[in-house]
Amino acid sequence: MVHERSSQPRLSPSSYEGDIRAVLAPRLAHFEAVARHEHVTRAAQELGVPQSTLSRAMVRLEQDLGVALFARKGRTVSLTPAGRTFLGSAERALAEVEKAADSVRADADPATGKVAFGFLHTMGSETVPALIRAFRADHPRVRFQLVQNYGEAMIERLRAGGLDLCLTSPVPDAPDLVARRLDEQRLRLVVPEDHRLATRRRIRLAEAADEKFVTLEPGYGLRRITDDLCTEAGFTPRVAFEGEEAETLRGLVAAGLGVALLPPPAVPRPGVVELTVTAPRAAREIGVAWLDGHPDTPPVAAFKRFLLSRRGHLLPD
């Protein structure tokens, strides 16, 4: 291998990390092959590149690093101490790249790939398990990464690339998202069993204007819906307690600490009575959202089609 002078400046220790990566990353596999074979021609044959190209690449790599990696004798080479140190790191880096490639290929496999799926806490006990069970009847080996959170947090995670799809309410309306309405869930006014309204089956929300409310924290979709419905009924709710989970709110209601607008429970909760709200119409829309313009892997595309096929039949009876 003949040393050639290069017009490219050598990277100094103060060079930007991005520049170092740009210089080194494409050459690691070439360096590893030459080091393993200790022969430029055999390494070039394995890599499918011209021997002269590989020789020049190794010279440029040494010039950029400012250190000799090889001791040369014709086309036969041996590693210097610096070359051996660099080889160990290069092998680890290449192994990590191969591991990452295997991981993303596995996640995209049509039969065994992964779906990162977010959903509201209130969907976790019945709705989502039933959906996944039905989907896996035809896709038994697809894997799921499940994330429970409130709506705004899930949308942030969707935008950050941590989710493929999410079930949320209200259905988001944003230019970078695609959202489809799937179903509607009626909300009930939940009161303690010894409450003055507990003997009723139906109620106008305005009749609860003087009550203390327990609600989810600001930022939760159900909190926004509660505030909007109370405004439509002509009052601002007096919030006594704020929480992060609907069943906790039911427990607070059972303890006599207030009333709440909530979706139906998975299992009837003792100590409370759930009243149908006749006016205004108390319901929340539930939809699925994903990032606009992002290509789907086969398992994500299959689960998306499945969810869209459940329009009007998303929620358990």
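The rules behind these values
Residues numbered from 1 in each chain as written. Predicted model: local features only at pLDDT ≥ 70, side-chain atom pairs only at ≥ 80, totals over all residues. Heavy atoms only, no water. Axes fitted to C-alpha atoms, helices over the stretch in contact; angles between N-to-C directions. Helix = DSSP H or I, 4+ residues; strand = E, 2+ residues; numbered from the N terminus. Left-handed = near helix turned anticlockwise from the far one by under 90°. Contact = heavy atoms within 4.5 Å. Nonpolar A, V, L, I, M, F, W, Y, C, P; charged D, E, K, R; others polar. Parallel < 35°, antiparallel > 145°, perpendicular 65-115°, else oblique. Salt bridge = Lys/Arg side-chain N within 4 Å of Asp/Glu carboxyl O. Buried < 20%, exposed > 50% of the residue type's maximum accessible area, 1.4 Å probe, protein only. 1 Å grid on protein atoms, 1.4 Å probe; cavity = no way out; pocket = protein on both sides within 12 Å on 5 of 7 lines; lining within 4 Å. Points joined across faces, edges and corners; volume = space filled by probe spheres on them. Core = buried A, V, L, I, M, F, W, Y, C linked by side-chain atoms within 4.5 Å.

Right, let's get into the packing of helix α6 (residues 127-135) against helix α10 (residues 298-309). Orientation of α6 relative to α10, taken along the N-to-C sense of each, is 115°, at an axis distance of 11 Å. In this structure, α6 meets α10 at a crossing whose hand is right-handed. Counting all contacts with α6, which are made through Leu-131, Ala-134 and Phe-135, the residues of α10 involved are Pro-299, Ala-302, Phe-303, Phe-306 and Leu-307. Here the residues of the contact of α6 with α10 sort into eight nonpolar, no polar and no charged.

For the rest of this paragraph, the subject is the packing of helix α2 (residues 28-37) against helix α4 (residues 51-65). As a packed pair, α2 and α4 sit with axes 10 Å apart at the nearest point and diverge in direction by 105°. In terms of their interaxial angle, α2 and α4 are classed as roughly perpendicular. Packed against α2, whose contacting residues are His-30, Phe-31 and Val-34, the element α4 presents Leu-54, Ala-57, Met-58 and Leu-61 at the interface. The residue makeup of the contact of α2 with α4, split by class, is six nonpolar, one polar and no charged.

Glancing now at unusual backbone geometry. With an omega of -5°, the peptide bond between Ser-169 and Pro-170 qualifies as cis. By the secondary structure assignment, Pro-170 is in the loop between β5 (165-168) and β6 (177-186). Here the bond from Ala-279 into Pro-280 is cis, since omega is -10°, no more than 30 degrees from zero. One can find Pro-280 in the loop between β12 (272-279) and β13 (283-291).

Our next topic: the pattern of salt bridges. Within the structure shown, the criterion is met by 21 salt bridges. Between Glu-152 and Arg-224 there is a salt bridge; the shortest N-O distance is 4.0 Å. One end of the pair, Glu-152, is in helix α7 (residues 151-159); the other, Arg-224, is in helix α8 (residues 221-232), with 72 residues separating them in the sequence. Relative accessible area serves as the criterion here: at 39%, Glu-152 is assigned to the partly exposed category. One salt bridge connects Asp-227 with Arg-223, and the closest N-O pair in it is separated by 3.2 Å. With Asp-227 and Arg-223 both in helix α8 and four residues apart, the pair spans about one turn of that helix. One network of salt bridges, in which partners are shared, links Arg-181, Glu-184, Arg-281 and Glu-285.

Mapped onto the secondary structure, Leu-69 falls in the loop between α4 and β1 (70-73). Its relative accessible area of 1% is what places Leu-69 among the buried residues. Each C-alpha atom of the pair Leu-69 and Glu-152 lies 52 Å from the other, and the pair is 83 residues apart in sequence. Leaving out residues up to four positions away in the same chain, Leu-69 has contacts with Phe-31, Leu-61, Glu-62, Ser-78, Leu-79, Thr-80, Ala-82, Gly-83 and Phe-86.

Evaluation of the coordinates by the stated rule reveals two cavities of 30 Å³ or more. By volume, the largest cavity amounts to about 120 Å³. As for the largest cavity, its lining consists of 15 residues, of which Leu-120, Thr-122, Leu-216, Tyr-220 and Arg-284 are closest to the centre. Within this model, the second largest cavity holds a volume of roughly 40 Å³. Considering the residues around the second largest cavity, the lining is formed by Val-214, Thr-215, Leu-216, Leu-222, Arg-223, Thr-226, Leu-249, Leu-261 and Leu-262. Mapped onto the lining of the second largest cavity, the elements with two or more residues apiece are β9 (212-216), α8 and β11 (260-262). Here the residues of the lining of the second largest cavity sort into six nonpolar, two polar and one charged.

To continue, consider the nonpolar core. One finds Phe-117, Met-123, Leu-158, Leu-165, Leu-167, Phe-303 and Leu-307 to be the most contacted residues of the largest nonpolar core, which totals 36 residues. Mapped by element, the contributors of at least two residues to this core are β3 (114-119), α6, α7, β5, β6, β13 and α10. Beyond its immediate stretch of four places on either side in the chain, Leu-307 contacts Phe-117, Leu-131, Leu-165, Leu-182 and Val-288.

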